[in-house]
Amino acid sequence: MDLTPDQAALAVERHNCPNCDAPAGSACRTRGGKTAAKYHTPRFVLVPALREELEIPVPADRHPGRAWKKGPALAVVPAPRTERPIRIGYARTSTARQELASQLEALHRAECHKVFKEQISTRVKVRPELEAALALARQFKEAAPETPVIFTVHELKRLARNGAELMTLSAELQAGGIQLELLTGPLTGIYDPNGMGAMFFAVLAVAGQIERNYIREKTLEGQVAAAAKGNHGGRPKVIDDDMLTFAVALKNKGVPVPEIARKLVIKTGKNTGKNPSVASLYRALAEAEGARPAPSQRSPIASR
């Protein structure tokens with residue numbers, strides 16, 4: 001930062017704060033009505049010289065932490081329009097073994113104002129650094145609507161791990177008016193969701209929906225094929241048909257259910273070699289009893 005702390009504070013206070021509604025000439029304030037310790041990001045990014053800073057402290061003479069007081073009225077200075085875009089970079093690897101250096105180097109060459117990075121498993125749904133990067137990009141766009149804000153990644157697969165994620169993220173970027181930049185790969189370029197890149201975002205959304213439908217159809221086909229082979233999904237039965245037939249025969253002879261359970265041995269699964277629980281046996285016997293035809297439905301020969 002080329003400005004002194006006092007100069008930076010004066011430059012920030014020439015603008016109204018989009019976050020806390022503090023007027024020009026006053027420091028930012030907290031929700032509790034006290035003077036904030038730092039100026040809000042959507043406010044200080046209105047000053048071009050401060051856009052690359054992570055935070056701008058409120059000077060001590062504004063009494064941060066004490067009750068907020070309105071400062072002298074100033075004329076609001078409109079944020080200057082600039083063609084220089086604000087780039088937010090994001091880098092990701094799935095495991096610690098994969099290196100981030102090449103991605104980070106490419107993002108720095110692209111002159112990203114801030115780069116977020118994380119090494120996180122593909123099985124983890126929430127990516128904190130990605131959420132933080134998107135939030136900062138939205139803050140920049142809200143603070144300076146006329147300035148292009150670009151979300152930059154090394155390649156498309158670093159942004160999303162499947163079509164569903166890609167569809168969700170593209171919708172977020174479109175809603176915020178944030179551009180997407182891919183530095184490598186067959187789709188290298190900058191895509192503006194509200195300009196010529198709108199078609200690209202539309203294609204991403206359609207591709208994500210097609211993938212969802214494809215996965216759903218393949219799942220249903222697999223379930224139908226498994227059902228045709230007698231496999232209806234779910235966990236394997238603890239008590240198979242042979243065990244159940246034996247249990248029913250013993251029960252008809254008056255053997256108590258707990259004693260029957262001790263005579264049965266599980267043949268498959270993680271409990272192989274163990275006895276089924278009494279509760280499982282009761283359920284199996286109840287289901288078998290419910291599956292029997294009622295006396296009126298039995299054939300005359302069977303009822304003799």
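This one's a predicted model, so the numbers in the text were calculated from it and none came from an experiment.

Attention now moves to the side chain of H154. Of note, H154 is situated in the loop between β3 (149-153) and α5 (156-159). The class of H154 is buried, set by a relative accessible area of 15%. When residues no more than four places from it in sequence are discounted, the contact partners of H154 are Y90, S102, Q103, A106, L107, L182, L183 and T184.

What follows concerns the nonpolar core. Formed by 43 residues in total, the largest nonpolar core has its most connected members in Y39, I88, F151, L159 and L180. Of all elements in the fold, only α1 (5-12), β1 (86-93), α4 (128-143), β3, α6 (163-176) and β4 (179-182) reach the threshold of two or more residues within this core. Per element, the largest residue contribution to this core is seven residues, and it comes from α4. Leaving out residues up to four positions away in the same chain, F151 has contacts with I88, Y90, L130, A133, L134, A137, L159, L173, I178, Q179, L180 and E181.

Take the sheet that holds strand β5 (residues 189-191) next. Across the sheet, five strands lie side by side as β2-β1-β3-β4-β5; this open sheet has mixed pairing. The sheet is open, and its two edges are formed by β2 (114-119) and β5, each paired on a single side. The average undirected angle you get between the axes of adjacent strands in this sheet is 20°. Where β1 meets β3, five bridges bridge the pair, whose relative direction is parallel.

When pLDDT is averaged across the protein, the result is 81; 81% of the residues are at 70 or more. When mean pLDDT is compared element by element in the protein, β3 scores highest at 93, while helix α11 (residues 300-303) scores lowest at 44. A low-confidence stretch, residues 294-304 (pLDDT under 50), is modelled with one contact involving residues beyond four sequence positions or located in other chains.

With that settled, consider the pairing of β4. Neither face of β4 is left uncovered, since the one carrying Q179 and E181 and the one carrying L180 and L182 both have all their residues buried. Two elements, β3 and β4, share four bridges in a ladder whose sense is parallel. Of the residues in β4, the one forming a bridge with F151 is L180. Bridging between β4 and β5 involves three bridges; their strand directions are antiparallel. Each bridged residue has a counterpart across the sheet, and for L180 the counterpart in β5 is Y191. Connecting β4 to the antiparallel partner β5 that follows it, the hairpin turn spans six residues, and G185 within it adopts a positive phi of roughly 95°.

Reading the values: rules and limits
- Residues numbered from 1 in each chain as written.
- Predicted model: local features only at pLDDT ≥ 70, side-chain atom pairs only at ≥ 80, totals over all residues.
- Heavy atoms only, no water.
- Helix = DSSP H or I, 4+ residues; strand = E, 2+ residues; numbered from the N terminus.
- Buried < 20%, exposed > 50% of the residue type's maximum accessible area, 1.4 Å probe, protein only.
- Contact = heavy atoms within 4.5 Å.
- Core = buried A, V, L, I, M, F, W, Y, C linked by side-chain atoms within 4.5 Å.
- Pairing = 2+ DSSP bridges.
- Axes fitted to C-alpha atoms, helices over the stretch in contact; angles between N-to-C directions.
- pLDDT = per-residue confidence, 0-100.

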